[in-house]
Amino acid sequence: MKIERFEIPGLAQYSYVISSQGKAIVVDAIRDVDRYLDYAAKNGLQITHVADTHIHADFAAGSTALAALTGAELALSAHDRGEMYASAMPHRPLHDGDKIEIGTVVLQALHTPGHTPEHISFIVFDTERGPTEPLALLSGDFLFVGSVGRPDLLGDAAKIGLANELFRSLHERIAHLPDAIEVLPGHGAGSFCGSGMSDRPESTLGYERVTNPLFKLSREAFVAEILGSVPAMPRYYPRMKTLNAAGAPLLPALPGANPLTPAAVQRLKTEGAILLDLRRPEAFGGAHIPNAINIGAGRSLSLWAGWLLDSTRPIVLISETGLEAGDDEPSRRALVRVGLDRLAGFLAGGMPAWIDAGLDIARTPQLSTEDVQHSDQPILDVRTNREWQNGHIAGAQHIVLEDLVQDSPHLPPDRPLTVVCGSGYRSNIAASFLAQRGFAQVSSMAGGMAAWTARSLPLSSD
């Protein structure tokens, strides 16, 4: 048997292909399923089963599409009946103890609620080596390396009950499993599905029992700790839950591949399309299309685009000119992973094509730390609460980025304003949203607070 892990940077999501004797099962597949099809083809595998540990909140699942493309059996938790989110697509319901056989491999479903009510983990057996000795636990979003899944996805009314279920799953439902069993989680450090996750992609249950501090808490202390430490929940999570419960639809092709002329982009802009500028902050700051939103390409794109953009509006992509004809396939993949499927196309030739067409441009000044240090204009810090509490520029106003999109700062829009974040990435996102709202003199501090502290400039903790 072989277990292959697939990682999606940014979302810090892990999916797994387990294979034996030419057959394979894919667990917790991401939306762009060609990666699994390519892997199966290269290794001479037939994908016979597709399974999810739960109805995911942070990404659009590829399970329904992959099962349709391969003819594989779709196996999902049977413990969703009567819950807020229940899988509506045809599937094999898996109850606690049910088994899936792949060659010499057996996966046994284990109901481990807490992160969600229906959550199941999979105990993996290799019958050739040890038919009664479990080899691995695919723990999904129940147990992470160094942490556990957040229990608040269904809102305040359900979170205390789910936190208690999470405690039971941790101390009762996996109590029979040996210390030596490998723990293969659904996420790593950087995911918002929990807090305090380790950078290590795998562990053993024995190591977690000894080192994971959540194992050592009483029920009451556990509930208080887990609810008190959860990170802010991205606003797109309920949308993903709804999409995945219905089954994210099969995409015949990756959308957004069609090149658009500047005139076509101008028309789409007038019709209400989102212009998503994927370039680095300094490139965006130098010249961009008026009212474009800057969320830079790379590992953070899925998270922030999913969190901040309206999924009902068409999206036009503006990329670096070094990419072929202005296209950026990795960014298109990142967007469909969070259900942003309405990709109208990309500006052919990038910003130079727009400038050459003589169309209007806007600028977002990128100020140095020295500029900001010696300026008396208002400063808006859009970092997280924890970052802010660890030190900020004296006199700055604080609104975390995700709240800023819903609520403008209480500052005059006709006055100069400098936005600050950790590195300059989020501050340019914020600046582009503020510019849409009429803040005509908004700038961003280049390098963010990392550059500020590198110069040992003063910090306040007020």
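In this report, the structure presented in the accompanying data block is examined. (Residues numbered from 1 in each chain as written. Predicted model: local features only at pLDDT ≥ 70, side-chain atom pairs only at ≥ 80, totals over all residues. Heavy atoms only, no water.)

**Concerning the overall build of the chain**
Piece 1. Of regular secondary structure, the chain possesses 16 helices and 24 strands.
Piece 2. A compact globule built from 462 residues would reach a C-alpha radius of gyration of about 23 Å, and the chain, at 24 Å, matches this within 12%.
Piece 3. The buried share of the chain, reckoned over its 462 residues, is 54%.
Piece 4. Taking contacts inside the chain between residues at least 6 apart in sequence as the whole, the part at least 24 apart equals 68%. (Helix = DSSP H or I, 4+ residues; strand = E, 2+ residues; numbered from the N terminus. Rg over C-alpha atoms; globule rule 2.2 N^0.38 Å. Buried < 20%, exposed > 50% of the residue type's maximum accessible area, 1.4 Å probe, protein only. Contact = heavy atoms within 4.5 Å.)

**What to know about the nonpolar core**
Piece 1. The biggest cluster of nonpolar side chains holds 71 residues, and the ones touching the most others in it are Tyr-36, Ile-295, Trp-304 and Leu-309.
Piece 2. Look past the residues within four positions of Trp-304 in its chain and what remains in contact with it is Ile-295, Leu-309, Leu-401, Glu-402, Tyr-425, Arg-426 and Ile-429.
Piece 3. By size, the runner-up hydrophobic cluster in this structure holds 22 residues, among which are Ala-163, Leu-166, Val-183 and Val-223. (Core = buried A, V, L, I, M, F, W, Y, C linked by side-chain atoms within 4.5 Å.)

**A short note on the environment of Glu-118**
Piece 1. With respect to the helices and strands, the residue Glu-118 is situated in the loop between strand E8 (105-111) and strand E9 (120-126).
Piece 2. Sequence separation between Glu-118 and Tyr-85 is 33 residues, and the spatial gap between their C-alpha atoms is 8.9 Å.
Piece 3. Each residue touching Glu-118, except ones within four places of it in the same chain, is listed here: Thr-53, His-54, Ile-55, Ser-77, His-79, Asp-80, His-111 and Lys-241.

**Quick word on the packing of helix H9 (residues 301-308) against helix H15 (residues 425-436)**
Piece 1. Across the interface, H9 lies against H15 with an axial gap of 12 Å and an inter-helix angle of 25°. Taken together, the axes of H9 and H15 lie roughly parallel to each other. When you trace H9 past H15, the crossing you get is right-handed. In this structure, H9 contributes Leu-301, Trp-304 and Leu-308 to the contact, and H15 contributes Tyr-425, Arg-426, Ile-429 and Phe-433.
Piece 2. Taken together, the residues that form the contact of H9 with H15 break down as six nonpolar, no polar and one charged. (Axes fitted to C-alpha atoms, helices over the stretch in contact; angles between N-to-C directions. Parallel < 35°, antiparallel > 145°, perpendicular 65-115°, else oblique. Left-handed = near helix turned anticlockwise from the far one by under 90°. Nonpolar A, V, L, I, M, F, W, Y, C, P; charged D, E, K, R; others polar.)

**Structural notes on the sheet that holds strand E22 (residues 397-398)**
Piece 1. Spatially, the five strands line up as an open sheet ordered E20-E24-E23-E21-E22, and their pairing is parallel. Taken across any chain shown, the strands that pair with only one partner, and hence form the sheet edges, are strand E20 (366-367) and E22.
Piece 2. Note that strand E21 (residues 379-381) and strand E23 (residues 417-420) share three bridges and pair parallel. Following the sheet pairing, Ile-379 is matched in E23 by Thr-418. (Pairing = 2+ DSSP bridges.)

**Section: the pattern of salt bridges**
Piece 1. By the definition in use, this model includes 22 salt bridges.
Piece 2. For Asp-34, the salt bridge identified is with Arg-333, shortest N-O distance 2.5 Å. With Asp-34 in helix H1 (residues 34-42) and Arg-333 in helix H10 (residues 329-336), the pair connects residues that are 299 residues apart, well separated along the chain.
Piece 3. Residue Asp-34 is classed as partly exposed on the basis of its relative accessible area, which comes to 28%.
Piece 4. With a relative accessible area of 16%, Arg-333 lands in the buried category.
Piece 5. Between Asp-152 and Arg-150 there is a salt bridge whose closest N-O contact spans 2.7 Å.
Piece 6. Classification of Arg-150 by relative accessible area gives buried; the value is 1%.
Piece 7. Several salt bridges converge on common partners, so that one network encompasses Asp-32, Asp-34, Arg-35, Glu-329, Arg-333 and Arg-337. (Salt bridge = Lys/Arg side-chain N within 4 Å of Asp/Glu carboxyl O.)

**A closer look at H9**
Piece 1. Most of H9 sits out of view: eight of its eight residues are buried.
Piece 2. Every buried residue belonging to H9 is among Leu-301, Ser-302, Leu-303, Trp-304, Ala-305, Gly-306, Trp-307 and Leu-308, and all of these are buried.
Piece 3. Residues of H9 that are buried make contact with helix H6 (237-246), H10, helix H14 (401-404) and H15.

**Focus: the packing of aromatic side chains**
Piece 1. Taken as a whole and assessed by the stated rule, the structure comprises six aromatic pairs.
Piece 2. Between Phe-6 and Tyr-39, the aromatic rings sit 5.5 Å apart at their centres with planes inclined by 90°, giving edge-to-face as the arrangement. Of the two residues, Phe-6 is situated in strand E1 (residues 2-8) and Tyr-39 in helix H1; the sequence distance between them amounts to 33 residues.
Piece 3. An aromatic cluster is defined as three or more aromatic residues linked by ring pairs; in this entry it consists of Phe-6, Tyr-36 and Tyr-39.
Piece 4. A cation over a ring is seen here: Arg-5 above Tyr-14, with NZ or CZ 5.6 Å from the ring centre.
Piece 5. Note that Arg-200 overlies the ring of Tyr-207, its terminal NZ or CZ placed 5.4 Å from the centroid. (Phe/Tyr/Trp six-rings, centres within 6.5 Å; stacked < 30°, edge-to-face > 60°. Lys NZ or Arg CZ within 6 Å of the ring centre and 35° of its normal.)

**Looking at the pairing of strand E7 (residues 99-102)**
Piece 1. By the alternation rule, side chains of E7 split into Ile-100 and Ile-102, which are all buried, and Lys-99 and Glu-101, of which none is buried.
Piece 2. Inspection of the sheet shows E7 paired to E8 by four bridges, in the antiparallel sense. Looking at E8, one finds that Glu-101 is bridged to Val-106.
Piece 3. Connecting the antiparallel pair E7 and E8 is a turn made up of two residues, with Gly-103 showing a positive phi of about 60°.

**Structural notes on the packing of helix H3 (residues 156-173) against helix H5 (residues 219-228)**
Each pair of packed helices gets described by two things: the angle between the helix axes and the distance between those axes.
Piece 1. Contact pair H3 / H5: the axes reach a minimum separation of 9 Å and the direction vectors enclose 120°. With respect to H5, the axis of H3 lies oblique. Remark: the crossing between H3 and H5 carries right-handed chirality. Residue-level inspection shows Lys-159, Ile-160, Ala-163, Asn-164, Leu-166, Phe-167, Arg-168, Leu-170 and Glu-172 of H3 in contact with H5, the latter providing Arg-219, Phe-222, Val-223, Ile-226 and Leu-227.
Piece 2. Classifying every residue of the contact of H3 with H5 gives nine nonpolar, one polar and four charged.

**Brief notes about the sheet that holds E7**
Piece 1. Taken together, six strands build an open sheet; the order of strands is E7-E8-E9-E10-E13-E14 and the sheet is mixed. A single partner strand is all that each edge strand has here, and the edge strands are E7 and strand E14 (203-204).
Piece 2. Examined bridge by bridge, strand E13 (residues 182-185) and E14 share two bridges and lie antiparallel to one another. Considered in E14, the bridge of Val-183 is made with Ser-203.

**Observations regarding H15**
Piece 1. Here H15 spans 18 Å end to end across 12 residues, near enough to the 16 Å set by a 1.5 Å rise per residue.
Piece 2. With 10 of 12 residues buried, H15 is to be regarded as a mostly interior element.
Piece 3. For H15, every residue scored as buried is listed here: Tyr-425, Arg-426, Ser-427, Asn-428, Ile-429, Ala-430, Ala-431, Ser-432, Phe-433 and Leu-434.
Piece 4. One or two positions beyond H15, positive phi appears at Gly-438, with a value near 100°. (Expected span 1.5 Å × (residues − 1).)

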